[in-house]
Protein chains: 2
Amino acid sequence: MAQYQPNLVETMVSNMRARLLEGLKDSPSQAQQSIQYVGVPKLGIGMDASVTPLPHSGLCLCQTTDFFYPLVDDPYMQGKIACANVLSDLYAMGVITCDNMLMLVGVSSKLTDKERDVVIPLIMRGFKDTATEAGTNVTGGQTVINPWITIGGVATAVCQPTDVIMPENAVPGDVLVLTKPLGTQVAVNAHQWLDIPERWNRIKLVVSEDDIRKSYSRAMDSMARLNNTAAKLMHKYNAHGATDVTGFGILGHAQNLAKNQKGEVAFVIHNLPVISKMTAVAKACGNMFQLLQGFSAETSGGLLICLPREQAAAYCKDIERQENYQAWIIGIVERGDRTARIIDKPRIIEVPGKDRDGDLW
Amino acid sequence: MAQYQPNLVETMVSNMRARLLEGLKDSPSQAQQSIQYVGVPKLGIGMDASVTPLPHSGLCLCQTTDFFYPLVDDPYMQGKIACANVLSDLYAMGVITCDNMLMLVGVSSKLTDKERDVVIPLIMRGFKDTATEAGTNVTGGQTVINPWITIGGVATAVCQPTDVIMPENAVPGDVLVLTKPLGTQVAVNAHQWLDIPERWNRIKLVVSEDDIRKSYSRAMDSMARLNNTAAKLMHKYNAHGATDVTGFGILGHAQNLAKNQKGEVAFVIHNLPVISKMTAVAKACGNMFQLLQGFSAETSGGLLICLPREQAAAYCKDIERQENYQAWIIGIVERGDRTARIIDKPRIIEVPGKDRDGDLW
């Protein structure tokens, strides 16, 4: 189903979006007006989910939408990934219960009727199954035809203002935790290159076919995993704010999050957990991914969380105990001018690939 | 922006959707479970908006999403139409206040950077302006690139169960009211044909170029108009249920609505209000639109409402007084087997075209 280089299109799209969305922002006076009438400030364009106060009930409406192109060759897994990716924006705000989901599907005009009737229901089933796993339901959606397949959805929660962890309260002394490894899109691309000799020739000196398959399995598994437990534990360990890592890469999202802080802080990233061998692959193809620079696009990436220093290790241990997945302390929050950077020679943490049958490698 | 025949694609897509969505329906036991715990039944796939009870607060969440292809050549108007079209699904359920909107944009990969930076912000501004007119805000959205432009959104309301008018309580003796004329897609297509000589030759004996331009202006104006007042008045005049007329045409949606009724009723349509000259155009091109059969796709069409007979005339008058637009009694509800039909020779009500400057023609 992949008819393009997801990494490049994603980057192009991300840049375009940022520019186009400028036009949607409220003027300052409008934004300030809407802050006043309820305890929780209104949060709009640019953050992970929108938060809209519902004045009549004291509740607030948290919403997010996302849709993108398929990037794995298993339609069922693609549906699961799309669903996990949409929900992740709610989880990044600490919202752990989604009340309703809608599914958005762009069906390729290039599929035959038969292909369509096999592939699209599998995607939908994957999406629905992950919604069920998250304790929510898909009650509607929209389907249109377009040459390129797209898949995504809308996640909505109605909650108390206190259920939301606003992404703005980091303080110097906090540490940064990341809950999924980087390198998903490198792994997805490398896996496509197994079938493209001129691409494969560029990386075959640094990886084996088996490496690629295991890294690809790890990437699929990681992208289909919900950030739900990660979000629940943000409350338990008093997180000061978070975002999820997607199209702008780890540093792009760290910069967005830093810019949104109330306090004068800066984020410094020391460690980069990366799916095994993907650092070598990224280097072998001339840094087109900008992986170690922090700008390689991720899909359904982990939460990047600001946690009090004394809580971070316990947070990571708790995730591992509950889910059998690692989380990592990757950096610190210091005094600064609301920027984020990666140190000169970050430590690369190689995260094992995965056999198809689920064993770690 | 039109690169296809909207009517044909819309019909194809509508049929495909209906089939694909079957797979999303809950099994009967699941659906029944969710009916029990709150006064308002859960309403999902197949109706205009989903209604999800929020057990902790006694409120319910009403949501709808829609996106489609541009069909007019004015990007700003296209944005307004897309927004009115999305909101219409809430209005059809009697929900008159939208708490939040998200915008969904598929940007064509065939636009140059310059075209894109002119066209897309205009579409977004139109969408946003109509959202403002409806008393709501656009707080987020998603943008992707795809060869065919798509534009749409998500509308969400959190409301009391009593704010929702379930589309299921029609009784024999009710009458059917329609709040916008039919023929929008015929007008849109005919307008495109002004530039396609072999098409234009087929219809030029029955319409003038000026006719087409006025009908097209009427169609744009009609599609960009909110069904908000129509929805408010449904409460005032005790409507028994409604739907909005879109991709399946007037009869397709009447059939859906009839099938959803609790009582053993059938809908009979006697009158078809159609934008001026569009009946002649539809006939001249061999009924490809199925306009008089009731299956011509509409975009952002009117509400089709079941009203108590003694209230219907007052309803229509009230709309005309408030908005200076006509609504029409188009049929009756009788005892039957939950079907809908148009009588053999329905009366065609010709609805005047519109000058660009706003005067009626």
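Definitions and limits used
Residues numbered from 1 in each chain as written. Chains lettered and ligands numbered in written order. Predicted model: local features only at pLDDT ≥ 70, side-chain atom pairs only at ≥ 80, totals over all residues. Heavy atoms only, no water. Pairing = 2+ DSSP bridges. Helix = DSSP H or I, 4+ residues; strand = E, 2+ residues; numbered from the N terminus. Axes fitted to C-alpha atoms, helices over the stretch in contact; angles between N-to-C directions. Parallel < 35°, antiparallel > 145°, perpendicular 65-115°, else oblique. Left-handed = near helix turned anticlockwise from the far one by under 90°. Contact = heavy atoms within 4.5 Å. Nonpolar A, V, L, I, M, F, W, Y, C, P; charged D, E, K, R; others polar. Domains from an automatic or database assignment. Buried area = accessible area lost by both parts, 1.4 Å probe. Expected span 1.5 Å × (residues − 1). Buried < 20%, exposed > 50% of the residue type's maximum accessible area, 1.4 Å probe, protein only. Arc of directions from axis to C-beta. Salt bridge = Lys/Arg side-chain N within 4 Å of Asp/Glu carboxyl O. Polar contact = N/O pair within 3.5 Å; in protein donor to acceptor, adjacent residues only side chain to side chain. UniProt positions renumbered as here; feature names shortened; annotations may be inferred. pLDDT = per-residue confidence, 0-100. Phe/Tyr/Trp six-rings, centres within 6.5 Å; stacked < 30°, edge-to-face > 60°.

Per an unreviewed UniProt entry, chain A carries the name Selenide, water dikinase and comes from Orchesella cincta.

## Quick word on the sheet that holds strand β7 (residues 241-244) of chain A
The pairing of strands in a sheet happens through backbone hydrogen bonds and is either parallel or antiparallel. Residues and elements named next belong to chain A. One open sheet accounts for six strands, arranged β7-β9-β6-β10-β8-β11; its pairing is mixed. In this open sheet, the two strands that pair with only one neighbour each are β7 and β11 (340-351). When strand polarity is set aside, the average angle formed by the axes of neighbouring strands in this sheet is 20°. Bridge count for strand β6 (residues 175-178) against strand β10 (residues 328-335) is four bridges, and the pairing is antiparallel. Each residue of the ladder has a partner; that of leucine 178, found in β10, is tryptophan 328.

## Some thoughts on the packing of helix α5 (residues 184-193) of chain B against helix α7 (residues 209-224) of chain B
Residue and element names in this part refer to chain B. Contact geometry for α5 and α7: axes closest at 9 Å, N-to-C directions at 135°. Accordingly, the angle class assigned to the pair α5 and α7 is oblique. Here α5 runs over α7; the crossing is left-handed. Residues Thr184, Ala187, Val188, Ala190 and His191 of α5 form the contact with α7, whose own contacting residues are Ile212, Arg213, Ser215, Tyr216, Ala219 and Met223. Taken together, the residues of the contact of α5 with α7 break down into seven nonpolar, three polar and one charged.

## A closer look at the domain arrangement of chain A
All names here are of chain A. Domain assignment breaks chain A into domain 1 (38-163) and domain 2 (174-351). Using only C-alpha atoms to locate each centre, domain 1 and domain 2 end up separated by 22 Å. In this assembly, 23 residues from domain 1 lie in contact with 25 residues from domain 2. Between domain 1 and domain 2, the buried area comes to about 2,000 Å², and carbon and sulfur atoms account for 62% of it.

## A few points about helix α11 (residues 309-323) of chain A
Residue and element names in this part refer to chain A. For α11, built from 15 residues, the straight-helix expectation of 21 Å at 1.5 Å per residue is met to within 8% by its first-to-last C-alpha distance of 22 Å. Ala312, Tyr315, Cys316, Asp318, Ile319 and Glu323 are the residues of α11 that are buried. In a view along the axis of α11, the buried residues occupy a sector of 165°, so they form one face of it. Every exposed residue of α11 that faces more than 90 degrees away from the buried side is listed here: Glu310, Lys317 and Arg321. As for α11, its buried residues are in contact with β6, α8 (228-236), β9 (303-307) and β10.

## Remarks on the pattern of salt bridges
Opposite charge on two side chains lets them pair, provided their charged atoms get close. All names here are of chain A. All chains considered together, the criterion is met by 22 salt bridges over all chains. Close ionic contact of aspartate 210 with lysine 214 constitutes a salt bridge, the shortest N to O distance being 3.0 Å. Taken as a pair, aspartate 210 and lysine 214 lie in helix α7 (residues 209-224) at a separation of four residues, close to a single helical turn. Between lysine 277 and aspartate 211 there is a salt bridge, and its shortest N-O distance comes to 4.0 Å. With a gap of 66 residues between them, lysine 277 in the loop between β8 (265-275) and α10 (278-284) and aspartate 211 in helix α7 connect regions that are remote in the sequence. Here aspartate 211 falls in the buried class, since its relative accessible area comes to 8%. Salt bridges sharing partners connect three or more residues here, namely Asp113, Arg116 and Asp117.

## Considerations on the side chain of Asn85(B)
All names here are of chain B. Tracing the chain through its elements places asparagine 85 in helix α3 (residues 75-92). Exposure remark for asparagine 85: the relative accessible area of 2% places this residue in the buried category. Only 2.9 Å separates the side chain of asparagine 85 from the backbone nitrogen of serine 300, close enough to count as a polar contact. Contacts of asparagine 85, omitting those with residues within four sequence positions, involve Asp66, Phe68, Asp244, Thr246, Thr299 and Ser300.

## Here's the deal with the UniProt feature "domain: PurM-like C-terminal" (unreviewed entry) in chain A
The sites that carry the UniProt feature "domain: PurM-like C-terminal" (unreviewed entry) are, in the present numbering, residues 172-342 of chain A. Between the C-alpha atoms that bound residues 172-342 of chain A there is a distance of 17 Å. The span itself is 44% helix and 20% strand.

## Brief notes about the sheet that holds strand β5 (residues 150-159) of chain A
All names here are of chain A. Pairing in this open sheet of five strands is mixed, and the strands run β1-β2-β5-β3-β4 from one edge to the other. Sheet topology places β1 (50-54) and β4 (138-146) at the edges, where each strand pairs with a single neighbour. Going across the sheet, the axis of each strand differs from the next one's by a mean of 15°, ignoring polarity. Pairing analysis gives five bridges linking β1 to strand β2 (residues 59-68), with the strands arranged antiparallel. Across the sheet, leucine 54 pairs through a bridge with leucine 59, a residue of β2. Packing of helix α3 (residues 75-92) onto the sheet brings it into contact with β2, β3 (100-108) and β5, and relative to β2 it is tilted by some 145°. Sitting on the sheet, helix α4 (residues 113-133) is in contact with β3, β4 and β5, with an inclination near 160° to β3.

## Overview of the confidence of the model for chain A
Residues and elements named next belong to chain A. Of the residues in chain A, 85% have a pLDDT of 70 or more, and the chain-wide mean is 88. Under a pLDDT of 50 for its full length, residues 1-12 has, in the predicted model, 33 contacts with residues more than four places off or in other chains. Two summary scores accompany this predicted model of the complex, namely pTM at 0.83 and ipTM at 0.77.

## Details of the packing of aromatic side chains
Residues and elements named next belong to chain A. Inspection of every chain in the model, using the stated rule, returns seven aromatic pairs over all chains. Ring geometry for tyrosine 69 and tryptophan 148: centres 5.9 Å apart, planes at 75°, overall edge-to-face. Note that tyrosine 69 is positioned in the loop between β2 and α3 and tryptophan 148 in the loop between β4 and β5, a separation of 79 residues in sequence. In this structure tyrosine 69 comes out as buried when scored by relative accessible area, which is 4%.

## Re helix α8 (residues 228-236) of chain B
Residues spaced three or four apart along an α-helix point in a common direction, a consequence of the helix completing one turn every 3.6 residues. All names here are of chain B. Of the positions making up α8, those classed as buried are Asn228, Thr229, Ala230, Ala231, Leu233 and Met234. Elements in contact with the buried residues of α8: α3, β7 (241-244), β9 (303-307) and α11 (309-323). Immediately downstream of α8, the backbone of asparagine 238 shows phi near 55°, a positive value.

## Here's the deal with the side chain of Thr130(A)
Of note, Thr130(A) is situated in helix α4. With residues near it in sequence (within four places) discarded, Thr130(A) still touches Lys80(A), Cys83(A), Ala84(A) and Leu226(A).

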